[in-house]
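# Structural characterization, general
The chain contents come next:
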Amino acid sequence: MTRSTVWKVLYEDWQMECCGTPFAVGDEVAWPLRLDEECRDPAWAADLSDLEGPVEALAGIEGDRSDGEDFEADGGGDIEAEDGGDFAHDAEDFDDDGEDFEAEDGGDDGGDFEEDGEGFEDGGEDFEEPFEPSVVRDRGVTVPYGRPEPWPERARLTGLLTVERHGDRRPDTAGRVRAIHVVTRRFAETSADAYEVVPGERELRPVEQCPKWFRWEDSAHPGSRRGETGVLVELEVAEV
């Protein structure tokens, strides 16, 4: 009999709205994951994962390249909002860490990249990682190790598992969705048109299907807004 472990995985709103495919309870999915070891928000304290396993070079893992696509779940495709209401996309300016969204229209983004593509080596070619990529594997879950050589034979990591559909290549973690909760956070105004997430505050609403789009609304608290920042998924993964 195959043993399995249920992991808590955050699928952030912007990851789903940009590149994700909605899914439902009971679906089999395959996602590239990372472990947010910097998560210090007490709202996530009960959902952190401990991984302990061998450190392996990514190049040596068969099928190590994520294709950036979700597993095609039965009856897949976009899932409409439950109540058909409007979505305040202008409030997508904030992620779950409360960071400001950077403009895509050539506005002041505060970054170091010029219009000619500087900031990427060799005139905009693919970014090269500063060291050989590696992963840690534990009970069917694979996450980037993200440290230079020499690597230990085994490593223990703690953090919040999240779906990562951008950036470095990584193997998918496959499993079955056992529960989905829409995450709602409150964001407090810190200055004109700038908001930061309120640490420790979080609401979870159980749903049968993950929405494609997430909604924002004014909060009952003056100077703050409430937003759906993604879904917290209980993912059952077979141990290998």
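Residues numbered from 1 in each chain as written. Predicted model: local features only at pLDDT ≥ 70, side-chain atom pairs only at ≥ 80, totals over all residues. Heavy atoms only, no water.

### Some details on the side chain of E228
Note the cut-off: Counting from the N terminus, the helices are the DSSP runs of H or I reaching at least four residues and the strands are the DSSP runs of E reaching at least two. Relative accessibility thresholds used throughout: buried, under 20% of the residue-type maximum; exposed, over 50%; partly exposed, between the two (1.4 Å probe, protein chains only). Here a polar contact is recorded for every N or O atom pair within 3.5 Å, except that within protein the pair must consist of a potential hydrogen donor and a potential acceptor, and residues adjacent in sequence are included only if both atoms are side-chain atoms. A contact between two residues is defined here by any heavy atoms of the two lying within 4.5 Å.
Looking at the secondary structure, you find E228 in strand β11 (residues 224-238). Residue E228 is classed as buried on the basis of its relative accessible area of 8%. Engagement of the side chain of E228 in a polar contact is seen with the side chain of R205, the distance being 3.0 Å. With residues near it in sequence (within four places) discarded, E228 still touches D13, V182, V183, T184, R205, F214, R215 and W216.

### Notes on the pattern of salt bridges
The cut-off we apply is this: For this analysis, a salt bridge means a side-chain nitrogen from Lys or Arg found within 4 Å of a carboxyl oxygen belonging to Asp or Glu.
Applying the stated criterion to the full structure yields 15 salt bridges. Where R226 meets E217, a salt bridge forms, and the shortest distance between an N and an O atom there is 3.0 Å. It is possible to trace a salt-bridge network through shared partners that takes in K8, D47 and R202.

### Considerations on the pairing of strand β3 (residues 49-57)
Going by this rule: Note on pairing: two strands pair once DSSP finds at least 2 bridges between them.
Direction of pairing for β3 relative to strand β6 (residues 154-163): antiparallel, over a ladder of 6 bridges. Paired with D50 across the two strands is T158, which belongs to β6. Bridge count for β3 against strand β4 (residues 134-138) is 3 bridges, and the pairing is antiparallel. Looking at β4, one finds that V55 is bridged to V136.

### A word on the confidence of the model for the protein
Heads up, the condition is: Confidence of the predictor in every single residue is expressed as pLDDT, which spans 0 to 100.
For the protein, per-residue confidence averages 79 on the pLDDT scale, and 70% of positions sit at 70 or higher. Every residue in residues 66-95 is under pLDDT 50, and counting partners more than four places away or in other chains gives 57 contacts. Segment residues 97-127 is flagged for pLDDT under 50; beyond a separation of four residues in sequence, or across chains, it makes 21 contacts in the model.

### Quick look at unusual backbone geometry
In this structure, P150 follows E149 across a cis peptide bond, with omega equal to 5°. Position of P150 among the secondary structure elements: in the loop between β5 (141-144) and β6. Residue R139 is not a glycine yet carries a positive backbone phi of 50°. Mapped onto the fold, R139 is located in the loop between β4 and β5. Of the residues examined, R139 reaches a relative accessible area of 32% and is grouped as partly exposed.

### Digging into the packing of aromatic side chains
The geometry of an aromatic ring pair is captured by the separation of the ring centres together with the interplanar angle, meaning the angle of the planes. This is how it is decided: Pairing of aromatic rings covers Phe, Tyr and the six-membered ring of Trp, with a centre-to-centre limit of 6.5 Å; geometry is then stacked below 30 degrees between planes, edge-to-face above 60, and tilted otherwise.
Summed over all chains, the structure comprises 4 aromatic pairs. Among the aromatic residues, those joined into a ring-pair cluster are Y11, F23 and W31.

### Some remarks on the side chain of T5
As for its placement among the helices and strands, T5 is situated in strand β1 (residues 4-12). Classification of T5 by relative accessible area gives buried; the value is 14%. Of note is the side chain of T5, whose polar atom sits 2.7 Å from the side chain of E239.

### Things to note about the environment of P222
Tracing the backbone through its elements, the reader meets P222 in the loop between β10 (216-218) and β11. For P222, a relative accessible area of 80% gives the class exposed. For the pair P222 and A188, spaced 34 residues apart in the sequence, the C-alpha separation amounts to 8.7 Å.

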